[in-house]
Amino acid sequence: MASARTRLVVERLVWVLIYGGLLTLVLGLATSRQDAAVGWGLVVGGALAAAVGVVLIAVRARMKSGAPS
């Protein structure tokens, strides 16, 4: 069973990774016109961060509540 604090940390981390990753991805697309290496590095990093956030949604969904049933 996961504690309430653990669930809260995972929930916050999910949204930081998803929104931060997508923002970084878009910034990388915009940067790639000026510097292809830096731009595509940001795109890949942002996509990976967003993907980890999506995986954490599944992890959070499988966490058991600390409340007795």
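From a predicted model like this one, the values you see are computed outputs, not experimental measurements.

Trainee: Can you explain the side chain of Ser-32? Please cite residues and give values.
Mentor: Within the element layout of this structure, Ser-32 appears in the loop between helix 1 (4-31) and helix 2 (36-62). Look at Ser-32 and you get buried, because its relative accessible area is 18%. Once you skip the residues sitting within four places of it in the chain, Ser-32 turns out to touch Gly-39 and Trp-40.

Trainee: Before we move on, could you go through the packing of helix 1 against helix 2 and cite the residues and values that matter?
Mentor: Closest axis-to-axis distance for the helix 1/helix 2 pair is 7 Å, and the angle between their directions is 155°. The angle between helix 1 and helix 2 falls in the class roughly antiparallel. The crossing of helix 1 and helix 2 is left-handed.

Trainee: If you had to explain the pattern of salt bridges to someone new, which residues and values would you point to?
Mentor: Once their charged atoms are close, side chains differing in charge can pair, the charge on each being opposite to the other. In this structure the tally under the stated criterion is one salt bridge. A salt bridge links Arg-60 to Glu-11, with the shortest nitrogen-to-oxygen separation between them at 2.9 Å. Taken together, the positions of Arg-60 in helix 2 and Glu-11 in helix 1 put the pair 49 residues apart, joining distant regions of the chain. For Arg-60, a relative accessible area of 22% puts it in the partly exposed group.

Here is what the cut-offs are and how they apply
Residues numbered from 1 in each chain as written. Predicted model: local features only at pLDDT ≥ 70, side-chain atom pairs only at ≥ 80, totals over all residues. Heavy atoms only, no water. Helix = DSSP H or I, 4+ residues; strand = E, 2+ residues; numbered from the N terminus. Buried < 20%, exposed > 50% of the residue type's maximum accessible area, 1.4 Å probe, protein only. Contact = heavy atoms within 4.5 Å. Axes fitted to C-alpha atoms, helices over the stretch in contact; angles between N-to-C directions. Parallel < 35°, antiparallel > 145°, perpendicular 65-115°, else oblique. Left-handed = near helix turned anticlockwise from the far one by under 90°. Salt bridge = Lys/Arg side-chain N within 4 Å of Asp/Glu carboxyl O.

Such coordinate-based values are descriptive only and should not be taken to indicate function.
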